[in-house]
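These are the residues of each chain, in order.
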Amino acid sequence: MYKELENFTVKGNFTYTQDDSLEEVCNASESGSGVFVVYAVDGENKELIMVGSTGTVQNDGTLKSKNGGLHDKIVNGHQFAKTGRKYSWPAQMKIEGIERLEVSWYETFNADVKIIPTYIEGKILQDFLDENGRLPKWNVAF
């Protein structure tokens, strides 16, 4: 796990397979903003394949967030096509032969903590780039 994520207290995770309904298995906050990390799991092997975030901090220090929070961003956010992840993830998993995904999510901006979600997303991506010389394979150009 990335050290940037260790201190967040509002967090969770879930496992997803092609046969699951992403809407049903996703236990992410429907009102919170923050980051999520996605790992492809094959037996004992686990690879970080994506980092995402939701929520924008305004100039006055308040948070602008879309309805549905992290849950909506994970389930309905567009990836691989102009369609929500609930459709694109199982298709991409089939193409790549990915057995299952492990998704962990963290609220980074709430009443108790005020860390910009895109800052944490960028920090994790930078650490990954430093370690691997590339971005996670499901992240598009940052």
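Structure report, in brief.

Now for the nonpolar core. In terms of nonpolar packing, the biggest core is built from 20 residues, with Ile74, Trp89 and Leu101 touching the most fellow members. Going through the elements one at a time, β1 (11–16), β2 (33–42), β3 (45–54), α2 (69–76), α3 (85–96) and β6 (100–109) are the ones with two or more residues in this core. Once residues lying within four places of it in the same chain are set aside, the contact partners of Ile74 are Phe14, Leu22, Cys26, Ala28, Phe36, Arg85, Trp89, Val103 and Trp105. Of all hydrophobic cores here, the second largest spans 13 residues; its members include Leu5, Tyr39, Val51 and Phe128.

So, about the side chain of Asp127. Along the chain, the position of Asp127 falls in helix α4 (residues 117–132). Under the relative-accessibility criterion, Asp127 is labelled buried at 12%. Sequence-distant contacts of Asp127, that is, excluding residues within four places in its chain, are made with Tyr2 and Glu4.

Let us now look at the pairing of β3. Counting buried positions over the 10 residues of β3 gives 7, a clear majority of the element. Pairing analysis gives 9 bridges linking β2 to β3, with the strands arranged antiparallel. Bridging across to β3, Gly34 finds its partner in Thr54. The antiparallel hairpin formed by β2 and β3 contains 2 residues in its connecting segment, where Gly43 sits at a positive phi of about 65°.

What counts, and at which threshold
Residues numbered from 1 in each chain as written. Predicted model: local features only at pLDDT ≥ 70, side-chain atom pairs only at ≥ 80, totals over all residues. Heavy atoms only, no water. Core = buried A, V, L, I, M, F, W, Y, C linked by side-chain atoms within 4.5 Å. Buried < 20%, exposed > 50% of the residue type's maximum accessible area, 1.4 Å probe, protein only. Helix = DSSP H or I, 4+ residues; strand = E, 2+ residues; numbered from the N terminus. Contact = heavy atoms within 4.5 Å. Pairing = 2+ DSSP bridges.

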